[in-house]
Number of protein chains: 2
Amino acid sequence: MDRAITRRFGTAAALISVLAFVTTVAQAADPLPSWNDGRAKQAIVAFVAKVTKEGAPDFVPPAARIATFDNDGTLWAEQPMYFQLLFALDRVKALAPQHPEWQEKEPFASLLRGDVKGALAGGERAMLDIVMITHAGMTTDEFEKIVADWIATATHPVTKRPYTAMVYQPMLELLAYLRANGFKTFIVSGGGIEFMRPWTEHVYGIPPEQVIGSSIKTQFEMRDGKPVLVRLPEIDFIDDKTGKPVGIHKIIGRRPLMAFGNSDGDLQMLQWTTAGPGPRFGLIVHHTDAEREWAYDRHSSIGRLDKGLDEAQARGWTVVDMKGDWRTLYPHEKK
Amino acid sequence: MDRAITRRFGTAAALISVLAFVTTVAQAADPLPSWNDGRAKQAIVAFVAKVTKEGAPDFVPPAARIATFDNDGTLWAEQPMYFQLLFALDRVKALAPQHPEWQEKEPFASLLRGDVKGALAGGERAMLDIVMITHAGMTTDEFEKIVADWIATATHPVTKRPYTAMVYQPMLELLAYLRANGFKTFIVSGGGIEFMRPWTEHVYGIPPEQVIGSSIKTQFEMRDGKPVLVRLPEIDFIDDKTGKPVGIHKIIGRRPLMAFGNSDGDLQMLQWTTAGPGPRFGLIVHHTDAEREWAYDRHSSIGRLDKGLDEAQARGWTVVDMKGDWRTLYPHEKK
């Protein structure tokens, strides 16, 4: 260490300034360590630099730095089926002893025999029956506890890991990086809003009030002089496809600056976001990694990415090649 | 100034520390200068001190410090009728040249003759006709501009001041005081969400994503390859009475720590808030000041406060006596 500096500022002050310098360099060198240095990472960093540089032509004030993220397939995995559906199946099993009639009644009978495919053969009607029986009929406080207990203990059928361990490490870094640059990060998911809120703050650093999703109706009631909100078996809002920009408008009330998705369910959110005036950024996570995860796109029944892949080309959205762009996939693989 | 201090730190540094000290003392002495030192002010300050004192039994982490405010009659005035209704009446006049048929058609004919009472004699149906014709049929961007233009130029029929000058100075101070103490402030209004969002950030420091209100449905459409959201003449959600806790749950997803209202429309929000576990705070603004504003409660058709006044007693909510508790009413009266 330079003796003149040590003398002028004292040892402690010099140490602090050196530490600060080292930290700054480390951050500047790699804010996204789990991303390989490809086009996707470069596009993200260049965009953030552009909109956060005060006085520059593309500068955007912090209040307008809204970034929206799809959840299933974008922030965490979604195969072999949406995790919320796996939650519903677990709930059917847990509730079965109180419903002996389910042994004879579809879609429950098939489910309880372990025949998921057979249960879902009943199409949208069967799916809705399963969702409503497992998601409605209790108070909001009760449902929150059911979800919190499940997410703390349930494990994924293939990886045998907790579902919250199947979030994508590069996206966790991206969320933190955007927040460090003054962005407010939101989830905009086709999944159930109350299925996500109990754990998004802990897992993603996204508080409940920044989660948008599909919902069922609730009703205010007084029970023994105490107010409760009861979950009704009635759809309130489907936050998917054209519903995503509608949901963003309903809850955020302004157009995002950046939007991140992985399937055609995110197409309209990306269109709406990137059609805004001034700089905008759209990104699609393309599941190309059959070895570390799953590879699927145009022909998948879950997380189908078909039109989105074409529009990304036409509209200049960034496409993440999961296999090539992501050095690390899950947090536990981090070195 | 003490010469030893001046010598040790240099004049500039000493000046800064003295200024900082003076500012701190001034803030500590009176965070709410437009509130007289009565029970209401004392209750607010005591509650905030209690929940923000780290290590204390009632400490609440910043993430859970949610405060919800009704708008009409709580943050700004609401007489002689809700300002959004005055907006709608102004819009009917502005649109009349494009609708010659309105000269013969109620409720528009009465309105255009200046007979508001006659127009509203048609009850809910007439009101809905007026709201839908003035609030639906355009894109969300177009409506935002209509509201922004109106709020910038329209004046109140009695005071002749801009509507945004009829916000309550004590409540502006309260909003700022809570935010300085780590609270996130939300509006939860029976009024239209898109009628408020264009100006709440500027006037109250509350960003669009922290505004909850009544809404009509919107629909995503592609027009010449550009995505738009079109406002439909169809109610989506009424954020009033039992709708307020439902709206809070929908958009915030957690129970507020503090809630502020002024009418029976806020009753369920106050019940829901103060029924939560741990410390909670409910407050009702009672319009008692016929001289500086309007005095009304149990028998008013606008902002009726009847059950709320009784429940405040029973449940220990703070009641603001506008005449006695508020030293200053509007910002322009500030000395």
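Residues numbered from 1 in each chain as written. Chains lettered and ligands numbered in written order. Predicted model: local features only at pLDDT ≥ 70, side-chain atom pairs only at ≥ 80, totals over all residues. Heavy atoms only, no water.

Asker: Explain the interface of chain B and chain A to me, and be specific about the residues and the numbers.
Answerer: Listed as interface residues are 38 residues of chain B and, on the opposing side, 38 residues of chain A. On the chain B side of the interface with chain A, the three residues burying the most area are E209, F220 and H249 of chain B, jointly 19% of the side's total. Residue R254 of chain B pairs with E209 of chain A through a salt bridge whose shortest N-O separation is 3.1 Å. At the boundary of chain B and chain A, one finds 22 residue pairs in polar contact (both at pLDDT 80 or more). Elements with a minimum of two residues in the side of chain B that touches chain A: α8 (140–153), β2 (184–192), α10 (193–204), β3 (211–223), β4 (226–237), α11 (243–251) and α12 (267–274) of chain B. Tallied by class, residues from the side of chain B that touches chain A come to 17 nonpolar, nine polar and 12 charged. (Contact = heavy atoms within 4.5 Å. Buried area = accessible area lost by both parts, 1.4 Å probe. Salt bridge = Lys/Arg side-chain N within 4 Å of Asp/Glu carboxyl O. Polar contact = N/O pair within 3.5 Å; in protein donor to acceptor, adjacent residues only side chain to side chain. Helix = DSSP H or I, 4+ residues; strand = E, 2+ residues; numbered from the N terminus. Nonpolar A, V, L, I, M, F, W, Y, C, P; charged D, E, K, R; others polar.)

Asker: Give a detailed account of the relation of the copies chain B and chain A, specifying residues and quantitative values.
Answerer: The transformation that overlays chain B on chain A combines an axial shift of 0.0 Å with a rotation of 180°, and the residual RMSD is 0.0 Å. Here the two chains are linked by the operation of a two-fold rotation axis. Residue I251 of chain B of chain B places its C-alpha closer to the rotation axis than any other residue of that unit, at 3.2 Å. Same-surface contact between copies: 100% of interface residues of chain B are shared with the interface of chain A. (Least-squares fit on C-alpha atoms with pLDDT ≥ 70 in both.)

Asker: Could you give an account of the packing of aromatic side chains, naming the residues involved and the relevant values?
Answerer: A ring pair, where both rings are aromatic, is described by two values, the distance of the centres and the angle of the planes. Across all of its chains, the model carries 34 aromatic pairs over all chains by this definition. Ring centres 4.7 Å apart and planes at 55° place the aromatic pair F83 of chain A and Y163 of chain A in the tilted group. One end of the pair, F83 of chain A, is in helix α4 (residues 83–95); the other, Y163 of chain A, is in the loop between α8 (140–153) and α9 (169–180), with 80 residues separating them in the sequence. In this structure an aromatic cluster arises from ring pairing among W76, F83, F87, F143, W150, Y163, F195, W199 and Y204 of chain A. Directly above the ring of W272 of chain B sits R255 of chain B, whose terminal nitrogen or CZ lies 3.7 Å from the centroid. (Phe/Tyr/Trp six-rings, centres within 6.5 Å; stacked < 30°, edge-to-face > 60°. Lys NZ or Arg CZ within 6 Å of the ring centre and 35° of its normal.)

Asker: Break down the side chain of T139 of chain A for me, citing the residues and quoting the values.
Answerer: Within the element layout of this structure, T139 of chain A appears in the loop between α7 (123–135) and α8. Those residues within four positions of T139 of chain A in sequence are excluded, and the remaining contacts are R223, V228, L229, V230 and R231 of chain A.

Asker: Kindly report on the pairing of strand β1 (residues 66–69) of chain B, identifying the contributing residues and their values.
Answerer: All names here are of chain B. With burial as the criterion, each face of β1 is covered, one bearing I66 and T68 and the other bearing A67 and F69. Sheet topology places β1 next to β2; four bridges connect them, and they run parallel. Residue A67 lies in a different strand from β2, and its bridge partner there is T185. As defined by bridge partners, β1 adjoins strand β5 (residues 258–261) across three bridges and the pair is classed as parallel. When the bridges of β5 are listed, A67 appears paired with M258. (Buried < 20%, exposed > 50% of the residue type's maximum accessible area, 1.4 Å probe, protein only. Pairing = 2+ DSSP bridges.)

Asker: Could you give me a rundown of empty space enclosed by the protein, with the residues and numbers involved?
Answerer: All names here are of chain A. This model, assessed by the stated rule, comprises one cavity of 30 Å³ or more. Of the volumes computed, that of the largest cavity is approximately 30 Å³. Together, N71, D72, Q84, S189, G191, G192, F195 and M196 line the largest cavity. Looking at the lining of the largest cavity, the elements with two or more residues in it are β2 (184–192) and α10 (193–204). For the lining of the largest cavity, the leading source of residues is β2, giving three residues. (1 Å grid on protein atoms, 1.4 Å probe; cavity = no way out; pocket = protein on both sides within 12 Å on 5 of 7 lines; lining within 4 Å. Points joined across faces, edges and corners; volume = space filled by probe spheres on them.)

Asker: So, the confidence of the model for chain A: which residues are in play, and what are the values?
Answerer: Residue and element names in this part refer to chain A. On average, chain A scores 92 in pLDDT, and the residues at 70 or more come to 92%. Below a pLDDT of 50 lies the segment residues 1–16, which in the model reaches six contacts outside its immediate sequence neighbourhood of four places, other chains included. Interface predicted TM-score (ipTM) for the complex: 0.89; the corresponding pTM is 0.91. (pLDDT = per-residue confidence, 0-100.)

Asker: Lay out the pairing of strand β4 (residues 226–237) of chain A with the relevant residues and their values.
Answerer: Residues and elements named next belong to chain A. Where strand β3 (residues 211–223) meets β4, eight bridges bridge the pair, whose relative direction is antiparallel. Across the sheet, the residue bridging to E221 is V228, located in β4. Once β3 ends, the chain turns through two residues before running back antiparallel as β4, passing D224 with a positive phi of about 50°.

Asker: Help me get a handle on unusual backbone geometry, residues and values and all.
Answerer: When glycine is set aside, most residues are seen to have a negative phi, and most peptide bonds are trans. With an omega of 0°, the peptide bond running from Q79 of chain A to P80 of chain A counts as cis. Here the amide bond leading from E106 of chain B into P107 of chain B is cis, since omega sits at 0°, within 30 degrees of zero. Mapped onto the elements of the fold, P107 of chain B is located in the loop between α4 (83–95) and α5 (108–112). Positive phi values are uncommon outside glycine, yet K160 of chain A reaches one of about 65°. Phi is positive for K241 of chain A, which is not a glycine, with a value near 55°. The topology assignment puts K241 of chain A in the loop between β4 and α11 (243–251).

Asker: With reference to specific residues and values, describe the packing of α4 of chain B against α8 of chain B.
Answerer: Residues and elements named next belong to chain B. One way to put it is that α4 packs onto α8 with a least axis distance of 11 Å and a crossing angle of 105°. Our classification of the angle between α4 and α8 gives roughly perpendicular. Of α8, the residues touching α4 (which contributes F83, L86, F87, D90 and R91) are F143, I146, V147 and W150. Here the residues of the contact of α4 with α8 are counted per class, giving seven nonpolar, no polar and two charged. (Axes fitted to C-alpha atoms, helices over the stretch in contact; angles between N-to-C directions. Parallel < 35°, antiparallel > 145°, perpendicular 65-115°, else oblique.)

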